[in-house]
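Okay, here's what each chain looks like letter by letter:
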Amino acid sequence: MISIVEAKGPAKQTPDKGVKAPQIEFVEEVFVDYKTPTHAGPGPHPTTESDDFSLTMGGISWIVSTTTKYKIEGGEPVSGANTALEAAEATWDGFVNPANFVRNDADPSPNPCGGSNRIEWGLIDGVGNALAFASVCRNVVTKEIVGFRMKLDTSETWSTNTPASDLDVENVASHEWGHVAGLGHTNKPASGCLTMYNFADDGETQKRTLGLGDKLGMDTFYATGITGPGPGCGF
Ligand SMILES: [Zn+2]
């Protein structure tokens, strides 16, 4: 069973409430992420970091002793894109520690919601609108996250440059890994610097680094003790 827990943006979607089936043990939660709508104008540029965060399904997390192997499939759209996916993973690894994510294209570990843990480069909905999605597979009994998948839309023009010339792979992927780690969206204007802010745009790189709210969210799950600000805004 798949339920869309958040789907904000131009292509508004209706949550699929699904069918109640008490014997289901694993449920997939999907987050769809959109480009900043043109009618919204330039994205917010706060000068301080918000402490805002949200927890997926009220709080689900990985078992901290788990190592999760994932594969990357589909051709990378620009040189260095897969390296950027791994860099985004490394940004979060330290916060989920000692659980970690390890790329292993030949032998990814199974996702109980289907297939294996994976990141895919592929078509989603053409240029603009949805840029990527991420899902976590949760055990409804234990509230543990037991699998994930992620997809990035190859219809977009991606970049791995600094400064980013187009849609920055690490910027978007860092946000998606935040969903994998267990965080939902924060959409207040003051949260524009945070990695878990729910829109991304061309040239943006501030989501590469975690902000105050992102860190506080992770401390809630994993008792990281890392609760200071920045450099979420990149300054
Ligand atoms: Zn998102």
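Just above, that's the structure.
Residues numbered from 1 in each chain as written. Predicted model: local features only at pLDDT ≥ 70, side-chain atom pairs only at ≥ 80, totals over all residues. Heavy atoms only, no water.

(A) Examining the overall build of the protein chain more closely. Looking only at helices and strands, the protein chain has three helices and eleven strands in total. Secondary structure of the protein chain in N-to-C order comes out as β-β-β-β-α-β-β-β-β-β-β-α-β-α. Residue pairs in contact within the protein chain that sit at least 24 positions apart in sequence constitute 73% of those at least 6 positions apart. Of the roughly 10200 Å² of accessible surface on the protein chain, a fraction of 54% belongs to carbon and sulfur atoms. (Helix = DSSP H or I, 4+ residues; strand = E, 2+ residues; numbered from the N terminus. Contact = heavy atoms within 4.5 Å. Areas by Shrake-Rupley, 256 points an atom, 1.4 Å probe, with all protein chains shown as cover.)

(B) Up close: the packing of aromatic side chains. Scanning the model with the defined rule gives nine aromatic pairs in all. Taken together, a centroid distance of 6.4 Å and an interplanar angle of 70° make the contact between Tyr197 and Phe199 edge-to-face. No difference in accessibility class separates Tyr197 from Phe199, as the two residues are buried. In textbook terms, an aromatic cluster arises when at least three aromatic residues are bridged by ring pairs, as seen for Trp62, Tyr70, Phe101, Phe148 and Trp177. (Phe/Tyr/Trp six-rings, centres within 6.5 Å; stacked < 30°, edge-to-face > 60°. Buried < 20%, exposed > 50% of the residue type's maximum accessible area, 1.4 Å probe, protein only.)

(C) Expanded view of the pattern of salt bridges. For the coordinates displayed, the defined rule picks out twelve salt bridges. The residue Lys69 makes a salt bridge to Asp107 at a minimum N-O spacing of 2.7 Å. With Lys69 in strand 4 (residues 67-73) and Asp107 in the loop between strand 5 (100-103) and strand 6 (118-122), this residue pair connects regions lying 38 residues apart in the sequence. (Salt bridge = Lys/Arg side-chain N within 4 Å of Asp/Glu carboxyl O.)

(D) Spatial organisation of the coordination of the zinc ion. Around the zinc ion, the protein supplies Asp33 (OD), Asp33 (OD), His175 (NE2), His179 (NE2) and His185 (NE2) as donor atoms, at distances of 1.9 to 2.6 Å. Donor residues for the zinc ion sit on one chain with the sequence pattern D-x141-H-x3-H-x5-H. Of the two residues, Asp33 sits in strand 2 (residues 26-35) while His179 sits in helix 2 (residues 169-181), which places them 146 residues apart along the sequence. Take Asp33 and His179: they sit in the same class, and that class is buried. (Donors = N, O, S within 2.8 Å, 3.2 Å for Na, K, Ca; no water.)

(E) Highlighting helix 1 (residues 81-96). For helix 1, with 16 residues, the first-to-last C-alpha span of 23 Å sits near the 22 Å given by 1.5 Å per residue. Burial in helix 1 covers these residues: Ala81, Asn82, Ala84, Leu85, Ala88, Glu89, Trp92, Asp93, Phe95 and Val96. (Expected span 1.5 Å × (residues − 1).)

(F) Inspection of the side chain of Arg118 at higher detail. Looking at the element boundaries, Arg118 is found in strand 6. The buried category is assigned to Arg118, whose relative accessible area is 18%.

(G) Local environment of the environment of Cys233. With respect to the secondary-structure elements, Cys233 resides in the segment after helix 3 (212-222). Among the residues examined, Cys233 registers a relative accessible area of 9% and is labelled buried. Taking the C-alpha atoms as reference points, Cys233 and Gly192, separated by 41 residues in sequence, lie 8.3 Å from one another.

Note that every value here comes from positions in space, so none of it alone points to a role or purpose.
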